[in-house]
Amino acid sequence: MPFAKNNKISLRQMQALLFLEVLGFGVLVAFPNIAGRLGHAGWVAVILSLGVALLLTLLMSSLGSRFQGLSFQEFCSKLLGKPIGALVCAVFFVRLAILASVYLNKFAEVVKITMLPNTPNYVVIIAIVALCGYGASKGIETRGRVAELLVLIAVLPLVFAIAILVRGADFSNLLPIIIHTNPQDIGIATFHGIFAFNGLEFILLMAPFVANPKNMRKSAVKIVLTMGIFMVAITTLAIARFGQSINNYTNPILKMLDTISFPGTAVDRQGAFIMAFWVISAYAIINACLFFAAEILKDMAKKEHNKRFLWPCMLLVVVLALVPRDFYVINMMLGVATMAAIPFILLIAKALRKKRGF
Amino acid sequence: MKISPILDENIKYIEDLFKDANDLVKRKFPVDASNNRFAYIVYIDGMAEREQVEANIMRRLTAGALKTNEGFFNHPMSLLDTLKEGGMTTVDLREEPDMSKAVHSILCGDTIIFADGAEVAVMVATRGFPNRGVPETDIEVVVQGSNESFSEVLRFSTALLRRRLKDKHLKIKQSIVGERSSTDIAVCYMADVVRPDILAEVEARLANISVDGILDAGALQELIEDDIMSPFPKCQITQRPDKAASGLMEGRVAILVDNSPTAILVPATLNSFFQASEDYSQGWEIMSLTRIMRFIAAFFALALPGLYIAITTFHPDMLPMILSFKISAARDAIPFPAVVEILIMEFAFELLREAGIRLPRPVGSSIGIIGGLIVGEAAVSAGIVSPSVVIIVALTGIASFAIPNYSLVSAFRLAKFLILALAAALGLFGFWAALIIIFIHLASLKSFGLPYMFPFASGEINGYGDFKDTLFRLPAMFMKKRPIYANPKEEDRQD
């Protein structure tokens, strides 16, 4: 049959997936931390962290382009040996479960605040996990196509929001940049800013499914740069809007988006339409976590299909999301491992093997 | 089973087979009385053209028999040649050695002649059953352009295609489907433009069908389409020969089914259901606007009731204050929640739709007026539903009629209830979640291997060229390449 199911995605689909998977976490979860640490100079941290994110993207996409038809688990086992390879996969699995639960938790909070104040959190959590599980069960090709379709729907309200928010922004709030800010604080905030790009490790996990992995480096860098521009724009607008008082808000981005109003139109509170972005980004990131977690289990169990592993992954994510404990720090530590340490180790191992002629 | 050289054995077989079939016309007549040799002619009344049988076969045969001294069927030539010699003027006749095929031909309206000593029967094409000629399409009407429709008679339908595509590459492969119905079907394609793998897939799926009967193209569609559990159509049904011809030139395959005035076009993408024949016979500017309107209409048909429920029930603060007050004031005396109101009206609308189809045409239109105006008005006055709900349901219904494909509208009618249910339970969050579920479902579908959401997703397969005929319909001069359906070796359609 033409266009047969080949379990591959195009570079454009990879970009769409990455965009949706990474941007939501940055805006919803990571930014409040940056703002809390650096206040009005937070935008500097976001720009610096964008630079670091681009380096990590280069690192992971370079590695990804060398998979040569191997799955992530096979690639790790080949480079590091089976036991360490399995350990690396286990770390990734835990990271995916925690990342999904952290986002899920925050997302349920946002829904409660903005949309459904009387609905218990667990209803929203179960609903979104069911939705994401359904998406993940359809495989990587469908995920890629859905991302292509959803990326516009997600971006439009965001662009619309930015366009409206520019009107009420006081950009003098961005100054002074460094004078009152300790460089050490900027460093720490930058470190936290890198987690605005949580999910960058999907580049590594996605690589075995990319139809043309040799060209994925350029595509990955382009899309991370685009995301970075969005994040800088949103961060800058939030700081310009709230100034020194930004630290008074638990989540200034949410507060800012909720205030969007464009009187005279048929819909009075456009902030509610931003819900489209939240739901889509929640779908994208949790769907990705479930899909790759099930893929890791499938590869480790040496099975052909990941569907049977999806249910336990869904259950685990729901349970973790409902546990009354903040996994943010654990998530950050695991993020350091999966976004930087492990890729770096894999790169060194690859270089050493090449040197030894393996 | 082979045809016997002993005529009486063949007669017995036929008469046993057609016992109690009073529409069977048969006659045993002498062709060489001196040698006591006979022939036997058989056909079904109403399926064959009696005039043709009498004038071109019987009269000629009996006259020919009288002319020959040695006996008409006593020639050393084949039976077919002998009949021709005997003066039969019909062009379309052939020898048939297989009894089951001869029987099938009788059932299809052909006339069969058996003769003493002949191990073959002669099949004369005399099909001439009652038909209504070339009708006008009633579900794909256009303002400008032909309104001809395919016919229930397969041969008329193939002729309508041939008339539009006088190209030697147009192939019409006929076969039979259905154990009992023995329905003739024709697979039509342009041999040089079609993708060989798609054609092979179509033929393989048709060959795998083993059912009692196929009485309509819709029944065949269900047996060959991908992912049968999905309500969305993966094959495009059209009544219009011009649309089918255009599909063939794009490299698609058309399947015609005898007794059905429609063609099945495969593969089909969601986008193809938004394209109407008229789009190419009027200016590209106005048709682009119309296309955009159709997509907006599709969104309304799918999502408007859900969006209304989500906003009025969960997020009324999104609406301007005056509008919000007006809606709640109108809903004040209504004893049901908004979702029940919508369901009542949707149910009434579906009833009206169904009744409008079943009733005779002159009465059908008045049902719309009675239903829409009188019942709607009465329901509002009685305080059962609010005026805004009537508006929403009416808008949804009107929007669904703007989509040019009925099968797609039916799928949207079902999907609408999913959105309605989730929006009623979880507000805007449920609304967006339902839309994402529908997107996932649509993105997972394929039609004969082609992604259903092409070119909106996976557009790069054909270099994004197919976008020229999606939301916008660009002028013909910009569409130099054929769409994705075509064989890449024949992708150019303009110099």
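These numbers were taken from a predicted model, which means no experiment stands behind them.

Concerning the overall build of chain A
Okay, step 1: A count of helices and strands for chain A gives 13 helices and zero strands.
Okay, step 2: Starting at the N terminus and walking to the C terminus, you meet the elements of chain A as α-α-α-α-α-α-α-α-α-α-α-α-α.
Okay, step 3: Within the span of chain A, comprising 358 residues, buried residues form 60% of the whole.
Okay, step 4: In chain A, of all internal contacts separated by at least 6 residues, the share reaching a separation of at least 24 is 85%.

Comments concerning the interface of chain A and chain B
Okay, step 1: Of the residues lining the interface, 41 residues belong to chain A; the matching set on chain B comes to 41 residues.
Okay, step 2: On the surface where chain A and chain B come into contact, there are one salt bridge.
Okay, step 3: A:Glu141 is the salt-bridge partner of B:Lys446, the closest N and O atoms lying 3.5 Å from each other.
Okay, step 4: The tally of links from chain A across to chain B stands at seven residue pairs in polar contact (both at pLDDT 80 or more).
Okay, step 5: Looking at the side of chain A that touches chain B, the elements that each hand over two or more residues are helix H1 (11-38), helix H4 (82-114), helix H5 (121-137), helix H6 (139-167) and helix H11 (275-300) of chain A.
Okay, step 6: For the side of chain A that touches chain B, the leading source of residues is H6(A), giving eight residues.
Okay, step 7: Of the residues contributing to the side of chain A that touches chain B, the split by class is 27 nonpolar, six polar and eight charged.

Let's talk about the sheet that holds strand E6 (residues 170-177) of chain B
All names here are of chain B.
Okay, step 1: The strand order E6-E7-E9-E10-E8 describes an open sheet built from five strands, whose pairing is antiparallel. Every other strand in the sheet has two partners, leaving E6 and strand E8 (236-238) as the edge strands with one partner each. Across this sheet, the average inter-strand angle for adjacent strands is 25°, counted without regard to direction.
Okay, step 2: The pairing of E6 with strand E7 (residues 183-190) spans eight bridges and is classified as antiparallel. If you follow Gln-174 over to E7, its bridge partner there is Ala-186.

Structural notes on unusual backbone geometry
All names here are of chain B.
Okay, step 1: For the bond running from Val-266 to Pro-267, omega is -10°, close enough to zero to count as cis.
Okay, step 2: For Pro-267, the location among the structural elements is in the loop between strand E10 (263-266) and helix H9 (284-314).
Okay, step 3: At the junction of Phe-454 and Pro-455, the peptide bond is cis and its omega measures out at 0° in the coordinates.
Okay, step 4: Tracing the backbone shows Pro-455 in the segment after strand E12 (450-451).
Okay, step 5: The phi angle at Asn-259 is positive, at roughly 75°, despite the residue not being glycine.
Okay, step 6: By the secondary structure assignment, Asn-259 is in the loop between strand E9 (253-257) and E10.
Okay, step 7: A positive phi is found at Phe-448, a non-glycine position, where the angle reads about 50°.
Okay, step 8: Residue placement: Phe-448 occurs in the loop between strand E11 (446-447) and E12.

Topic: the environment of B:Leu17
Residues and elements named next belong to chain B.
Okay, step 1: Mapped onto the secondary structure, Leu-17 falls in helix H1 (residues 7-17).
Okay, step 2: Accessibility expressed as a relative area gives 45% for Leu-17, which makes it partly exposed.
Okay, step 3: Through-space distance from the C-alpha of Leu-17 to that of Val-103 is 9.1 Å; in sequence the pair is 86 residues apart.

Quick word on the layout of surface pockets
All names here are of chain B.
Okay, step 1: The volume enclosed by the second largest pocket comes to roughly 1,500 Å³.
Okay, step 2: Around the second largest pocket sit 47 residues that line it, and Ile-139, Ile-357, Asn-405, Tyr-406 and Ser-407 are the ones nearest its centre.
Okay, step 3: For the lining of the second largest pocket, the secondary structure elements donating two or more residues are helix H7 (217-224), H9, helix H11 (338-358), helix H12 (361-381), helix H13 (387-401) and helix H14 (406-444).
Okay, step 4: In terms of residues, the lining of the second largest pocket owes the most to one element, H14, which gives six residues.
Okay, step 5: Residues belonging to the lining of the second largest pocket are distributed by class as follows: 22 nonpolar, 16 polar and nine charged.

Parameters and conventions
Residues numbered from 1 in each chain as written. Chains lettered and ligands numbered in written order. Predicted model: local features only at pLDDT ≥ 70, side-chain atom pairs only at ≥ 80, totals over all residues. Heavy atoms only, no water. Helix = DSSP H or I, 4+ residues; strand = E, 2+ residues; numbered from the N terminus. Buried < 20%, exposed > 50% of the residue type's maximum accessible area, 1.4 Å probe, protein only. Contact = heavy atoms within 4.5 Å. Salt bridge = Lys/Arg side-chain N within 4 Å of Asp/Glu carboxyl O. Polar contact = N/O pair within 3.5 Å; in protein donor to acceptor, adjacent residues only side chain to side chain. Nonpolar A, V, L, I, M, F, W, Y, C, P; charged D, E, K, R; others polar. Pairing = 2+ DSSP bridges. Axes fitted to C-alpha atoms, helices over the stretch in contact; angles between N-to-C directions. 1 Å grid on protein atoms, 1.4 Å probe; cavity = no way out; pocket = protein on both sides within 12 Å on 5 of 7 lines; lining within 4 Å. Points joined across faces, edges and corners; volume = space filled by probe spheres on them.

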